Every structure is written in structure tokens, then in C-alpha cells.
Amino acid sequence: MMIGEFARAAGLSVYTVRFYEKIGLIPAPPRDSGGRRVYSEDSLGWIHFLKQLNATGMKQADRVRYAALRLQGEATYSERRQMLEAHYDKIRADLAALQKTSDLMQSKISLYQRLEAELAASEKDNNND
């Protein structure tokens with residue numbers, strides 16, 4: 001697929017796709033006889049994986065490092081696994097922190113619901129006097 005189609009399918013701008021190539025996040029694709037980039041479905045899958053890493057907070061420098069390791073092949077399996085394990089540990093810690101925050105927010109919401117109900121009941125009692 002050409003760069004425009006690839007960018008749309010990946011949910012990125014053409015500029016971002018070119019930037020990702022420039023910094024090494026995605027390898028430069030082969031070109032057709034007219035010099036136009038031709039992307040594969042594999043490249044699209046790779047972009048989706050990179051976007052997921054980004055969404056989980058992996059720094060761009062770490063994604064670039066991971067991409068460079070990927071290009072080196074089988075010899076980097078262990079290092080890539082270790083990178084992903086470390087990042088996964090961070091994700092789990094982030095999720096635990098978010099769960100605590102969620103629990104606190106729910107507690108506060110329940111408190112305000114109770115206070116509002118008590119206030120409404122009090123106002124009703126005062127109007128009946």
C-alpha cells in the first residue's frame with residue numbers, strides 16, 4: 001500500500017509515518033518503479049504494536065531502541081523480552097495506582113451522593129414545618 005493509504009490505515013499522518021522512518025521506528029519500505037514507498041501488512045501490524053506501546057507510556061527513545069533491536073534479529077530476543085517485561089511491570093504498577101485512585105473517586109462520589117440526599121431530606125423537613 002502507498003504511504004497515504006498506509007497512514008490512514010495506521011491512524012497516522014503521512015508526516016508522522018515519514019518521521020517514524022527517519023528516527024528508526026519503522027524501517028524504510030521498498031519503493032516501486034516510480035520511487036514511491038510501498039508498505040506491507042506486516043508494517044501495519046508493527047505500527048499498531050508501536051502505538052500500543054506508546055499508549056501504555058513507553059518512551060519514544062525506548063520504542064526506537066526496541067525497533068533497532070528488532071532489526072538485529074534473533075540475537076536480541078532476550079533483550080527485547082527483558083525490555084517488554086520491565087515495561088509490563090510498569091504497566092501493572094500504573095494499573096494498581098489507577099485502581100486506588102478509582103476506588104478513592106468512587107468513595108468521594110458516594111459521599112457526595114449521601115450528603116446531597118441528606119441535604120435534600122433536611123430541606124424537605126424544614127419546608128414541612
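Here, every reference points to the structure presented above.
Residues numbered from 1 in each chain as written. Predicted model: local features only at pLDDT ≥ 70, side-chain atom pairs only at ≥ 80, totals over all residues. Heavy atoms only, no water.

A.B. asks: Is there a simple way to explain the overall build of the protein in this structure?
C.D. replies: What the protein contains, in helices and strands, is five helices and zero strands. Starting at the N terminus, the α and β elements of the protein follow one another as α-α-α-α-α. For a compact globule of 129 residues, the expected C-alpha radius of gyration is about 14 Å, and the protein comes in at 25 Å, more than 25% above that figure. For the protein, the spread of C-alpha atoms along the three principal axes comes to 90 × 35 × 20 Å. Taken across its 129 residues, the protein has 23% of its residues classed as buried. Long-range pairs, those at least 24 residues apart, make up 48% of the contacts in the protein with a sequence separation of at least 6. The averaged location of the 17 negative side-chain charges in the protein is 10 Å from the averaged location of its 19 positive side-chain charges. (Helix = DSSP H or I, 4+ residues; strand = E, 2+ residues; numbered from the N terminus. Rg over C-alpha atoms; globule rule 2.2 N^0.38 Å. Buried < 20%, exposed > 50% of the residue type's maximum accessible area, 1.4 Å probe, protein only. Contact = heavy atoms within 4.5 Å. Lys, Arg positive; Asp, Glu negative; His and termini not counted. Charge placed at Lys NZ, Arg CZ, Asp CG, Glu CD.)

A.B. asks: Honestly, the packing of aromatic side chains in this entry has me stumped. Any pointers?
C.D. replies: Two measures describe an aromatic ring pair: the distance that separates the ring centres and the angle between the ring planes. Overall, the coordinates contain five aromatic pairs when judged by the stated rule. Measuring from centroid to centroid gives 6.5 Å for Phe19 and Tyr20, while their planes differ by 45°, and the two rings are tilted. Seen in terms of ring centroids, Trp46 and Tyr66 are 6.0 Å apart; in terms of plane orientation they differ by 15°. Their pairing is stacked. Highlighted residues: Trp46 in helix 3 (residues 41-55) and Tyr66 in helix 4 (residues 60-72), separated in sequence by 20 residues. Each member of the pair, Trp46 as well as Tyr66, carries the same accessibility label: buried. Through pairs of rings, three or more aromatic residues link up here, namely Trp46, Phe49 and Tyr66. In this structure, Arg70 packs its charged tip against the face of Trp46, placed 3.9 Å from the ring centre. (Phe/Tyr/Trp six-rings, centres within 6.5 Å; stacked < 30°, edge-to-face > 60°. Lys NZ or Arg CZ within 6 Å of the ring centre and 35° of its normal.)

A.B. asks: Help me understand a nonpolar patch on the surface, please; the structure alone is not making it clear to me.
C.D. replies: A cluster of nonpolar side chains, contributed by Leu104, Met105 and Ile109, occupies part of the molecular surface with about 280 Å² of accessible area. Positionally, Met105 belongs in helix 5 (residues 77-127). (Patch = residues over 30% accessible without salt bridge, like charges linked within 9 Å, V, L, I, M, F, W, Y side chains within 5 Å. Areas by Shrake-Rupley, 256 points an atom, 1.4 Å probe, with all protein chains shown as cover. Salt bridge = Lys/Arg side-chain N within 4 Å of Asp/Glu carboxyl O.)

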